[in-house]
Number of protein chains: 2
Amino acid sequence: MTPIVSIVGWSGSGKTVLLEKLIPEMVRRGYRVATAKHHPHDFDIDYEGKDTWRHRQAGAACTIISSQKRLAMIRDMDHDASLNELRDRFITDVDIIIAEGFKSEPVPKIEVFRKIMDVEPLCASMSGIIAVVTDAPLDPGVPVLGLDDISRIADLIVKKFLA
Amino acid sequence: MTPIVSIVGWSGSGKTVLLEKLIPEMVRRGYRVATAKHHPHDFDIDYEGKDTWRHRQAGAACTIISSQKRLAMIRDMDHDASLNELRDRFITDVDIIIAEGFKSEPVPKIEVFRKIMDVEPLCASMSGIIAVVTDAPLDPGVPVLGLDDISRIADLIVKKFLA
């Protein structure tokens with residue numbers, strides 16, 4: 001079963017920035033990474049090959065465009081899928097799923113927290129946080145790593161989920 | 001097993017235009033339709049929520065963005081997936097898959113042919129064509145329907161695959 005870990009943190013804490021550094025480090029180590037993000041509202045998607053967009057506009061519940069290198073799918077949903085559901089229904093061929101957000105889900109989480117933000121870190125009140133990536137002097141009772149300690153963050157993920 | 005039918009025809013014959021009329025007619029009749037299209041080259045996809053695009057750029061092999069209403073996935077492939085593979089791995093919850101193109105695949109096909117095109121219709125040499133949608137006076141040995149006979153085309157699809 002593909003392990004799931006989610007990067008959580010207040011809006012603006014730098015979750016995507018962390019992922020942008022962490023993914024290449026994991027890839028460099030030979031792991032195949034999937035990512036998942038929840039969108040709070042409706043969103044639109046635009047294909048360069050516009051025919052699929054026309055299929056959707058015409059009412060297709062699911063549209064796929066595929067090439068030798070890449071596949072894109074867009075489909076209707078009638079509920080917010082959990083990370084487990086995303087894994088079980090849609091994600092194959094990867095070693096780990098690193099989600100962004102999904103903070104209410106019962107999966108292991110790594111918090112990103114920057115001291116410039118005038119808020120309490122999530123780890124003060126949220127369960128399931130296995131590490132905090134921060135520039136603040138926190139003592140959350142789980143490993144604390146620096147915002148640029150990408151190698152150590154990857155080490156922790158490998159040790160916890162991929163060893 | 002979800003039935004598959006593919007709309008085939010020379011480039012410019014109006015496959016997408018036909019799908020744009022056919023999909024709403026199928027939806028109006030209560031069917032859930034998936035569509036699939038093959039892309040001959042690489043293609044790019046752009047999310048309005050750009051974070052997922054950043055995940056891909058960073059090296060994620062698969063990225064999903066999901067909301068309550070919609071899910072989009074983009075993933076790496078290492079081969080051209082067949083329609084059966086697309087169905088088995090990625091497409092759920094629909095009554096029928098109407099593909100566009102994939103003319104070398106062993107699935108039932110409906111050809112779109114317009115007499116203005118100075119070519120032979122595919123049905124002259126291709127097997128698996130179950131109907132021809134055309135404005136030309138063809139006698140292909142399978143049902144011939146007009147380019148705007150959307151209701152009759154839907155009837156044929158329902159009778160053949162969904163009855």
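This is a predicted model, so every value here is computed, not measured. (Residues numbered from 1 in each chain as written. Chains lettered and ligands numbered in written order. Predicted model: local features only at pLDDT ≥ 70, side-chain atom pairs only at ≥ 80, totals over all residues. Heavy atoms only, no water.)

*Asks:* What should I look at first to understand the overall build of chain A in this one?
*Replies:* Each helix and strand counted, chain A has four helices and nine strands in total. Counting from the amino terminus, helix and strand elements in chain A follow one another as β-α-β-β-α-β-β-α-β-β-β-β-α. Residue burial in chain A is summarised as follows: out of 163 residues, 54% are buried. Considering only contacts within chain A whose residues lie at least 6 apart along the sequence, 54% involve residues at least 24 apart. Here chain A displays about 7300 Å² of accessible surface, and carbon together with sulfur accounts for 50% of that area. (Helix = DSSP H or I, 4+ residues; strand = E, 2+ residues; numbered from the N terminus. Buried < 20%, exposed > 50% of the residue type's maximum accessible area, 1.4 Å probe, protein only. Contact = heavy atoms within 4.5 Å. Areas by Shrake-Rupley, 256 points an atom, 1.4 Å probe, with all protein chains shown as cover.)

*Asks:* When you look at the environment of Asp 51 of chain B in this model, what are you seeing that I'm missing?
*Replies:* Take Asp 51 of chain B: it is sitting in helix H2 (residues 50–58). With 14 residues separating them in the primary sequence, Asp 51 of chain B and Ile 65 of chain B have C-alpha atoms 9.2 Å apart. Not counting residues within four places of it along the chain, the set of residues in contact with Asp 51 of chain B comprises Thr 16, Lys 37 and Glu 100 of chain A. Polar side-chain contacts of Asp 51 of chain B include one of 2.9 Å to the side chain of Lys 37 of chain A. (Polar contact = N/O pair within 3.5 Å; in protein donor to acceptor, adjacent residues only side chain to side chain.)

*Asks:* What is the right way to look at the packing of aromatic side chains in this model?
*Replies:* Overall, the coordinates contain zero aromatic pairs over all chains when judged by the stated rule. Here the guanidinium or amino end of Lys 103 of chain A rests over the ring plane of Trp 10 of chain A, the centre of that ring lying 4.9 Å away. (Phe/Tyr/Trp six-rings, centres within 6.5 Å; stacked < 30°, edge-to-face > 60°. Lys NZ or Arg CZ within 6 Å of the ring centre and 35° of its normal.)

*Asks:* Before we go on, may I ask you to explain the state of the cysteines in this structure?
*Replies:* Covalently bonding the sulfur atom of one cysteine to the sulfur atom of another cysteine gives a disulfide. Counted according to the given criterion, the structure contains zero disulfides over all chains. Cys 62 of chain A takes part in no disulfide bond, and the closest cysteine sulfur, belonging to Cys 62 of chain B, lies 14 Å away. Judged by its relative accessible area of 1%, Cys 62 of chain A is buried. (Disulfide = S-S within 2.5 Å.)

*Asks:* Explain the packing of helix H2 (residues 50–58) of chain A against helix H1 (residues 15–28) of chain B here, please?
*Replies:* Helices that pack against each other are described as a pair by the angle of their axes relative to one another and the distance between those axes. Running from N to C, H2 of chain A and H1 of chain B point in directions that differ by 20 degrees, and their axes come no closer than 8 Å. By the angle between their axes, H2 of chain A is roughly parallel relative to H1 of chain B. The interaxial crossing formed by H2 of chain A with H1 of chain B has right-handed handedness. Contacts between H2 of chain A and H1 of chain B pair Asp 51, Arg 54, His 55 and Ala 58 of chain A from the former with Thr 16, Val 17, Leu 19, Glu 20, Ile 23 and Pro 24 of chain B from the latter. Considered class by class, the residues forming the contact of H2 of chain A with H1 of chain B number five nonpolar, two polar and three charged. (Axes fitted to C-alpha atoms, helices over the stretch in contact; angles between N-to-C directions. Parallel < 35°, antiparallel > 145°, perpendicular 65-115°, else oblique. Left-handed = near helix turned anticlockwise from the far one by under 90°. Nonpolar A, V, L, I, M, F, W, Y, C, P; charged D, E, K, R; others polar.)

*Asks:* Which parts of the structure should I look at to understand the relation of the copies chain B and chain A?
*Replies:* Two copies of a chain can be linked by a rotation about an axis combined with a shift along that same axis. In screw terms, the move from chain B to chain A is a rotation of 180 degrees and a rise of 0.0 Å along the axis, fitting with an RMSD of 0.0 Å. Expressed as an axis order, the relation between the two copies is that of a two-fold axis. Most of the interface of chain B is mirrored in chain A, where 100% of its interface residues are also at the interface. (Least-squares fit on C-alpha atoms with pLDDT ≥ 70 in both.)

*Asks:* Which parts of the structure should I look at to understand the side chain of Ser 6 of chain A?
*Replies:* Residues and elements named next belong to chain A. The topology assignment puts Ser 6 in strand S1 (residues 4–8). Of the residues examined, Ser 6 reaches a relative accessible area of 0% and is grouped as buried. Here Ala 99 takes part through its backbone oxygen, which lies 3.5 Å from a polar atom of the side chain of Ser 6. Not counting residues up to four positions away in its chain, the partners in contact with Ser 6 are Ala 99, Glu 100, Gly 101, Phe 102, Val 107, Pro 108, Lys 109 and Ile 110.

*Asks:* Whenever I open this one, the interface of chain B and chain A confuses me. Can you help?
*Replies:* How big an interface is tends to be stated in terms of the accessible area lost upon association of its parts. Counting residues at the interface gives 60 residues for chain B and 60 residues for chain A. Summing both partners gives a buried area of about 5700 Å² for chain B against chain A, and 52% of it is carried by carbon and sulfur. Viewed at the interface, chain A and chain B are joined by eight salt bridges. As a salt-bridge pair, Arg 89 of chain A and Asp 93 of chain B come within 2.9 Å of each other at their nearest N and O atoms. (Buried area = accessible area lost by both parts, 1.4 Å probe. Salt bridge = Lys/Arg side-chain N within 4 Å of Asp/Glu carboxyl O.)

*Asks:* What is the right way to look at the pattern of salt bridges in this model?
*Replies:* Opposite charge on two side chains permits pairing when their charged atoms draw close. Enumeration according to the criterion identifies 28 salt bridges over all chains in this entry. A salt bridge links Glu 20 of chain A to Arg 54 of chain B; the shortest N-O distance between them is 2.8 Å. In this pair, Glu 20 of chain A is assigned in helix H1 (residues 15–28) and Arg 54 of chain B in helix H2, connecting two distinct chains. Classification of Glu 20 of chain A as partly exposed rests on a relative accessible area of 29%. The class for Arg 54 of chain B is partly exposed, based on a relative accessible area of 25%.

*Asks:* Teacher, can you tell me more about the nonpolar core here?
*Replies:* The tendency in soluble globular proteins is for nonpolar side chains to be buried as a group. Met 73, Leu 86 and Ile 91 of chain A together with Met 73, Leu 86 and Ile 91 of chain B are the most contacted members of the largest nonpolar core, which has 38 residues in total. In contact with Leu 86 of chain B, not counting residues within four places along its chain, are Ile 64, Ser 66 and Leu 71 of chain A together with Ala 36, Ala 81, Ile 91 and Phe 102 of chain B. (Core = buried A, V, L, I, M, F, W, Y, C linked by side-chain atoms within 4.5 Å.)

*Asks:* How should H2 of chain A be read in this particular structure?
*Replies:* Spacing of three or four residues puts side chains on the same side of an α-helix, whose turn is 3.6 residues. All names here are of chain A. Within the span of H2, buried status applies to Asp 51, Thr 52, His 55, Arg 56 and Ala 58. In a view along the axis of H2, the buried residues occupy a sector of 165 degrees, so they form one face of it. In the segment just after H2, Gly 59 is the residue with positive phi, at about 120 degrees. (Arc of directions from axis to C-beta.)

*Asks:* Any chance you could explain unusual backbone geometry here in plain terms?
*Replies:* A negative phi angle characterises most non-glycine residues, just as the trans form characterises most peptide bonds. One non-glycine residue, Phe 102 of chain A, adopts positive backbone phi at about 50 degrees. In this fold, Phe 102 of chain A is placed in the loop between strand S6 (96–100) and strand S7 (109–113).

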